[in-house]
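A closer look at the structure
Residues per chain, in single letters:
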Amino acid sequence: MSALLRRTAALGLCALNLVSTPCSAGQTEETARQPNVLFIAVDDLNHWVGHLGRNPQTKTPNIDRLAASGVAFTRAYCNAPACSPSRASVLSGLRPSTMGVYGNDQDWRRAISEDKLLNTHFSKAGYRVYGAGKIYHGANEPGGPWDDYFAGQPGTGPLVMHPSAKDEGVGRIKFYPLANSDEEMPDYHSVSYAIERLEEKSDKPFFIAVGLLKPHLPFSVPKKWFDLFPLDSIELPPHREDDLDDVPPPGGAMAKPGQDHAAIVESGRWKEAVQAYLASIAFCDAQIGRLLDALDKSEYRDNTIVVLWSDNGFSLGEKSLWSKFALWEEPTRIVHVWRVPGVTQPGGVCERTVDLLSMYPTLCSLTGIPAPAHLEGYDLSQLLINPSAEWKHPAITTHGPNNHAIRTEGWRYIRYANGDEELYDEISDPLEYTNLAKSEKHADRRAELQAMLPAENVPAVP
């Protein structure tokens, strides 16, 4: 551990110790002071949340109150714009290009030994380790050791399309209201399980990971959430018909404009899809609210680190893309919030570029657990203490072998495996309409960003 990491870890632990809760039954003073961790993962949530200001239609009061209570990162990006490589990267502390895990069709277990996993590390450090819902990619495949893992509620009935629904959606983009109640949704049960764990008493600290499925496709939640967004009030995302004209072929191949986007436009149901995504976000937000309320009512409120993150973003027509599988802003920008008692201050906003590779080393730093040597990310504790602190690291996103995006506070640079490039000035062109990669005026900037590309690009594991 570097001197800087030791210093920030000491600052964090010192502050946490000052505000720790009194010892409960069976706890020693030492274990009472070691912070708990509530680790909240959300599936396919882009930057359509209130505190990021990207989409004014969204309704996320609970995510926003968490952001207001700690530090919200305005330029946070996923390690990969796909579930499996993103989650495997977060939970191993390794880049996709180091693991060789690039897509959802790969078995990440072939690339990562269980001893490197985040839950393994916390379990070995003496934590009670619980999981619920989708943490790693794959149904009912929790990955690594857990004291207990809730993969689903047995005996629950099927999710049923509401009578008002026209059909399942348009092609691959499924969206429809449900006749079910919130209490019948899988995410509701995952949160209920986590709430039960928050009510337990023990002489050991906890690490509780909660993985929420929504707003992942299908955009289907109980109809009451659709009703919050009347169809005639829906505004479409920004879109230009010529947006892909200056994008090189590999980018266009990722967007597939002639497939999903063409089908959505032809159907005339673009607004319905946006409505359904907003409804799914609102449902997700309500479940996060239940979790935060339970924590705030528990004896662990003042000794629990809360970290919220989404595994990737999602595009709903920007650049004619209807997925997460690309390297532009919408599919890569994510929600990322930390609340660390005694370390973060309410209302903290950090504009530094960070990626999710920072989560593993930061959790080690804040809990005083030695970080394993294999970690590739940077501890961002200093940004939790001072959101305006200097930070020289870019955010790096990888989608497929040798395809990378480098994001700094002012620029996005994309380099594809065949050498094609994109370069965007994010200050003057936040919607990434104009590719500057061929401009001689920006040759030095392009070279500077190119030097930040990962040096290691291993072949994809089977």
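Described in the following lines is the structure provided in the data block. (Residues numbered from 1 in each chain as written. Predicted model: local features only at pLDDT ≥ 70, side-chain atom pairs only at ≥ 80, totals over all residues. Heavy atoms only, no water.)

1. Quick word on the pattern of salt bridges
Which entries qualify depends on this criterion: What counts as a salt bridge is simple: a side-chain nitrogen of Lys or Arg found within 4 Å of a carboxyl oxygen of Asp or Glu. Each residue's exposure class comes from its accessible area (1.4 Å probe, protein chains only) as a fraction of the maximum for that residue type: buried when under 20%, exposed when over 50%, partly exposed otherwise. A run of DSSP states H or I qualifies as a helix once it reaches four residues; a run of E qualifies as a strand once it reaches two. Both are numbered from the N-terminal end.
Using the criterion set out here, one finds 34 salt bridges in the structure. Of the charged contacts, one joins Arg109 and Asp107 as a salt bridge, the two residues approaching to 3.7 Å between their closest N and O atoms. Taking the relative accessible area as the measure of exposure, Arg109 reaches 32% and is therefore partly exposed. Ionic pairing is found between Arg412 and Glu329, a salt bridge with its closest N-O pair at 2.7 Å. Placement of Arg412 in strand E13 (residues 411-415) and of Glu329 in helix H12 (residues 329-332) is noted, with a sequence separation of 83 residues between them. Given the relative accessible area of 1%, Arg412 is considered buried. Here the salt bridges do not stand alone but share partners, grouping Arg65, Asp293, Asp296, Arg301 and Arg339 into one network.

2. Topic: the side chain of Ser220
Worth spelling out the cut-off: Only heavy atoms enter the contact rule, under which two residues are in contact if any of them lie within 4.5 Å.
By secondary structure assignment, the location of Ser220 is in the loop between strand E7 (206-212) and helix H8 (223-226). Judged by its relative accessible area of 3%, Ser220 is buried. Other than its neighbours up to four places away in sequence, Ser220 contacts Tyr176, Leu178, Met185, Lys214 and Ser280.

3. Description of the sheet that holds strand E11 (residues 395-398)
Here is the rule: A pair of strands is labelled paired if DSSP reports no fewer than 2 bridges between them. Axis lines are fitted through C-alpha atoms, for helices just across the contact stretch, and the angle between N-to-C directions can take any value from 0 to 180 degrees.
Across the sheet, four strands lie side by side as E11-E12-E13-E14; this open sheet has antiparallel pairing. Of all the strands in the sheet, just E11 and strand E14 (421-425) have a single pairing partner and so form its edges. Geometrically, the sheet is characterised by an average inter-axis angle of 10° between neighbouring strands, direction not taken into account. Note that strand E12 (residues 404-407) and E13 share four bridges and pair antiparallel. The partner of Arg407 across the bridge, within E13, is Arg412. The sheet contacts of helix H15 (residues 443-450) involve E12, E13 and E14, and relative to E13 the element is tilted by about 70°.

4. Regarding the sheet that holds strand E8 (residues 304-310)
If you walk across this open sheet you meet the eight strands as E4-E3-E7-E1-E8-E9-E2-E10, and the pairing is mixed. Each having just a single partner strand, strand E4 (148-150) and strand E10 (348-355) make up the two edges of the open sheet. Direction aside, the axes of adjacent strands within the sheet are offset by 15° on average. Where strand E2 (residues 71-77) lies against E10, six bridges are found, and the strand directions are parallel. Pairing of Val71 across the sheet is with Gly348, part of E10.

5. Some thoughts on the environment of Leu431
Mapped onto the elements of the fold, Leu431 is located in the loop between E14 and H15. Along the sequence, Leu431 and Arg339 sit 92 residues apart, while their C-alpha atoms lie 30 Å from each other.

6. Re the pairing of E11
Of the two faces of E11, both are covered, the one formed by Ala395 and Thr397 as well as the one formed by Ile396 and Thr398. Count of turn residues in the E11/E12 antiparallel hairpin: five residues, of which Gly400 carries a positive phi of about 90°.

7. Focus: the packing of helix H3 (residues 61-69) against helix H11 (residues 270-297)
Put simply, the rule is: We call two directions roughly parallel when the angle between them is under 35 degrees, roughly antiparallel when it is over 145, roughly perpendicular when it lies between 65 and 115, and oblique otherwise. Under the convention adopted here, Pro, Cys and the residues Ala, Val, Leu, Ile, Met, Phe, Trp and Tyr are nonpolar, Asp, Glu, Lys and Arg are charged, and Gly plus all remaining residues are polar.
Running from N to C, H3 and H11 cross one another at 45°; their axes reach a closest spacing of 7 Å. Considered as vectors, H3 and H11 are oriented oblique to each other. Here H3 contributes Pro61, Asn62, Ile63, Arg65 and Leu66 to the contact with H11, which in turn contributes Asp285, Ala286, Ile288, Gly289, Leu292, Asp293 and Asp296. A class-by-class count of the residues in the contact of H3 with H11 yields six nonpolar, two polar and four charged.

8. Examining the packing of aromatic side chains
Aromatic ring pairs are reported here in terms of the distance separating the ring centres and the angle at which the planes meet. Note the following rule: Centre distance within 6.5 Å is the pairing criterion for rings of Phe, Tyr and Trp, where only the six-membered ring of Trp is used; planes under 30 degrees apart are then read as stacked, over 60 as edge-to-face, and the remainder as tilted. Look at NZ for Lys and CZ for Arg. If either is within 6 Å of the ring centre and within 35 degrees of the ring normal, a charge sits over the ring.
Under the criterion given, the structure shown has 15 aromatic pairs. Ring geometry for Trp108 and Tyr136: centres 4.7 Å apart, planes at 15°, overall stacked. Linking Trp108 in the loop between helix H5 (96-99) and helix H6 (118-124) with Tyr136 in the loop between strand E3 (128-133) and E4, this pair joins segments that are 28 residues apart in sequence. The pair Trp108 / Tyr136 is uniform in exposure class, with both members buried. Ring pairing ties together the aromatic residues Phe39, Phe122, Tyr127, Phe207 and Trp309, which thus form one cluster. In this structure, Arg197 is placed above the aromatic ring of Tyr130, and the distance from its NZ or CZ to the ring centre is 5.6 Å. Residue placement shows Arg290 over the ring face of Tyr188; its charged tip is 3.5 Å from the ring centre.

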